[in-house]
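Coordinate analysis (summary)
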Amino acid sequence: MVTVTLLGTAATMPLPDRALTAALVSWGGHSLLLDCGEGTQAAAVKAGVSLSKLEAICLTHYHGDHVFGLPGLLQTIGCQGRTAPLLLTGPKGLESFWSVMRVLAGPLPYPVVLADAGEQPLWFEGGAELSAIPTRHRVPSQGYAFYLPRAGRFDPEKARALGVPMQEWKRLQKGEAVEALGRTVQPQEVCGPARRGIRVVFSGDTAPCPALEAAARDADLLVCDATYAEEEQAGEAAKYGHSTFSQSAGLAARAGARRLWLAHYSPRIKEPEEFLPLARAICPAAECGFDGKAVTLHFEEA
């Protein structure tokens, strides 16, 4: 299963009840952070989640409302005793960006490893995969697609017939090969075809674009830019590389996303729910995101 928690849903500036953009994706005792706006640490405390053992921090672009929480967070998890490496990924310009953040964060008791999720996916525990999605903003930007695979159904009888000890079954179910009776047993020998996994897509700041729509195909959850509420603002949205409620809903509907969370609201949007009917008229699965909103997505049963 995968849990997604919105820590901040504001664009440009924080509001008393709306922190700047950040979201946490958690699975099997592991987690990664998507964007890190100012106040992300306080938002995490309010949401009841921990950021101390992150596998990675994934930035969509380097505008301040998405990254100004990073130096403080890096310091804090260092003070909490972290020594394990932390991955940091982002679009073009990551090295230059990190040269500045390193100075602001000061000495850290753990290494920060720069990683490019655009060249090839990043892999995490449990086979989790993170891929970058090229998006359409005013500066180099990317969204992210997170995928947690699910192995085929395990057949105990086949494992017994091949002489695999029961204590090794879990490794086969995790996709690892094991030794039994003097030979190597591969997972596919005792497991059926791979089953549908869980897919979460996070757009970051973007105007609607084909790459995001393709990545959101049949996604379990799409968290999408909805900076502008009304369709009359589509021209302004395009100018600044953002989306309206209706545009995000249209993209989700075309992609067949199973659930859409609207997020990254302009400060002019005081009550997002007031405009939700604009999105639901196009995509009935649309919901308004809010700080602290969370969902646990489970593997689909046949």
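Residues numbered from 1 in each chain as written. Predicted model: local features only at pLDDT ≥ 70, side-chain atom pairs only at ≥ 80, totals over all residues. Heavy atoms only, no water.

1. Thoughts on the overall build of the chain
Selection rule: Only DSSP runs of H or I with at least four residues qualify as helices, and only runs of E with at least two residues qualify as strands; both kinds are numbered from the N terminus onward. Two things to know: the radius of gyration comes from C-alpha atoms, and the globule rule equals 2.2 Å times the number of residues to the power 0.38. For each residue, the accessible area found with a 1.4 Å probe, counting protein chains only, is set against the maximum for its type, and the residue is called buried under 20%, exposed over 50%, and partly exposed in between. By the convention used here, residues are in contact when the closest approach between their heavy atoms is within 4.5 Å. Where accessible areas are quoted, they stem from the Shrake-Rupley method and a 1.4 Å probe; at the residue level, only the protein chains shown are allowed to cover. The charge count treats Lys and Arg as positive and Asp and Glu as negative. His and the chain ends do not count. For this purpose, a charge sits on NZ of Lys, CZ of Arg, CG of Asp or CD of Glu.
When helices and strands are counted, the chain shows 10 helices and 16 strands. Expected size for 302 residues packed as a compact globule is a radius of gyration near 19 Å; at 21 Å, the chain falls within 12% of this value. Judged by the C-alpha coordinates and their principal axes, the chain covers about 70 × 50 × 35 Å. The buried share of the chain, taken over its 302 residues, is 51%. In the chain, 63% of the contacts between residues at least 6 apart in sequence involve partners at least 24 apart. Split by element, the accessible area of the chain, about 13,800 Å² in all, is 55% carbon and sulfur. Of the side-chain charges in the chain, 28 are positive and 32 negative, and the distance between the mean point of each set is 3 Å.

2. Some thoughts on the pairing of strand S14 (residues 260–263)
Stated precisely, the cut-off is as follows: In this description, strands pair whenever DSSP reports at least two bridges between them.
In S14, alternate side chains face the same way, and those of Leu260 and Leu262 on one face and Trp261 and Ala263 on the other are all buried. The sheet contact formed by strand S13 (residues 221–225) and S14 spans 4 bridges and is parallel. Bridging from a neighbouring strand, Cys224 pairs with Leu262 of S14. Examined bridge by bridge, S14 and strand S15 (residues 286–288) share 3 bridges and lie parallel to one another.

3. Looking at unusual backbone geometry
Of note in this structure, Asp218 is not a glycine but carries a positive phi near 60 degrees. Positionally, Asp218 belongs in the loop between helix H7 (210–215) and S13. Assessed through its relative accessible area of 34%, Asp218 is described here as partly exposed.

4. What to know about the environment of Thr83
As for its position among the elements, Thr83 is in the loop between helix H3 (70–79) and strand S5 (86–89). Residues Thr83 and Val139, spaced 56 residues apart in sequence, show a C-alpha to C-alpha distance of 33 Å.

5. Some words on a negative patch on the surface
Test applied: In this scheme, patches are assembled from residues that exceed 30% relative accessible area and form no salt bridge. Like charges are connected within 9 Å, while nonpolar side chains (Val, Leu, Ile, Met, Phe, Trp, Tyr) are connected within 5 Å. Every case where a carboxyl oxygen of Asp or Glu lies within 4 Å of a side-chain nitrogen of Lys or Arg is listed as a salt bridge.
Taken together, the side chains of Asp17, Glu230, Glu231, Glu232, Glu271, Glu273 and Glu274 make up a negatively charged region of the molecular surface. Here Glu271 is to be found in the loop between S14 and helix H10 (276–280). For Glu271, a relative accessible area of 52% gives the class exposed.

6. Structural notes on the side chain of Arg18
Put simply, the rule reads: Throughout this description, a polar contact denotes any pair of N or O atoms lying within 3.5 Å of each other; where both atoms belong to protein, one of them has to be capable of donating a hydrogen while the other can accept it, and for residues adjacent in sequence the pair is counted only when both atoms sit in side chains.
Turning to its location among the elements, Arg18 is positioned in the loop between strand S1 (2–8) and strand S2 (22–27). Within the buried set, Arg18 has no salt-bridge partner at all; the shortest N-O distance to an opposite charge, 5.0 Å, is to Asp17. At 2.9 Å, the side chain of Arg18 forms a polar contact with the backbone oxygen of Ile269. Every residue in contact with Arg18, bar those within four places of it in the chain, is listed here: Thr9, Ala10, Tyr265, Ser266, Ile269, Lys270, Pro272 and Asp291.

7. Regarding the nonpolar core
Considering soluble globular proteins, one finds that nonpolar side chains tend to be buried as a cluster. Rules: Throughout, nonpolar core names a set of buried Ala, Val, Leu, Ile, Met, Phe, Trp, Tyr and Cys residues whose side chains join them through atoms within 4.5 Å.
In terms of nonpolar packing, the biggest core is built from 29 residues, with Val2, Trp27, Leu32 and Phe146 touching the most fellow members. Those residues in contact with Val2 that sit more than four places away from it in its chain are Val25, Ser26, Trp27, Phe146, Leu148, Ile198, Val200, Val295, Thr296 and Leu297. Counting residues in hydrophobic clusters, the runner-up holds 28 residues, among them Ala216, Cys224, Cys283 and Ala286.

8. Concerning the pairing of strand S12 (residues 195–202)
When strand S9 (residues 142–150) meets S12, the two strands line up antiparallel, connected through 6 bridges. Within S12, the residue paired with Tyr147 across the bridge is Arg199. Relative to S13, S12 runs parallel, the two being bridged by 3 bridges. Each bridged residue has a counterpart across the sheet, and for Val201 the counterpart in S13 is Leu222.

9. Let's talk about the sheet that holds S9
Test applied: Whenever a helix is involved, its axis is fitted only over the stretch in contact; in every case the axis is a line through C-alpha atoms, and angles between N-to-C directions fall within 0 to 180 degrees.
Taking strand neighbours across the sheet as the criterion, the 7 strands line up as S7-S8-S9-S12-S13-S14-S15 in an open arrangement whose pairing is mixed. The sheet terminates laterally at strand S7 (122–123) and S15, the two strands that pair on one side only. Across 2 bridges, S7 lies against strand S8 (residues 129–134) in antiparallel orientation. If you follow Leu122 over to S8, its bridge partner there is Leu130. Relative to the sheet, helix H9 (residues 245–255) contacts S13, S14 and S15, its axis offset from that of S14 by approximately 155 degrees.

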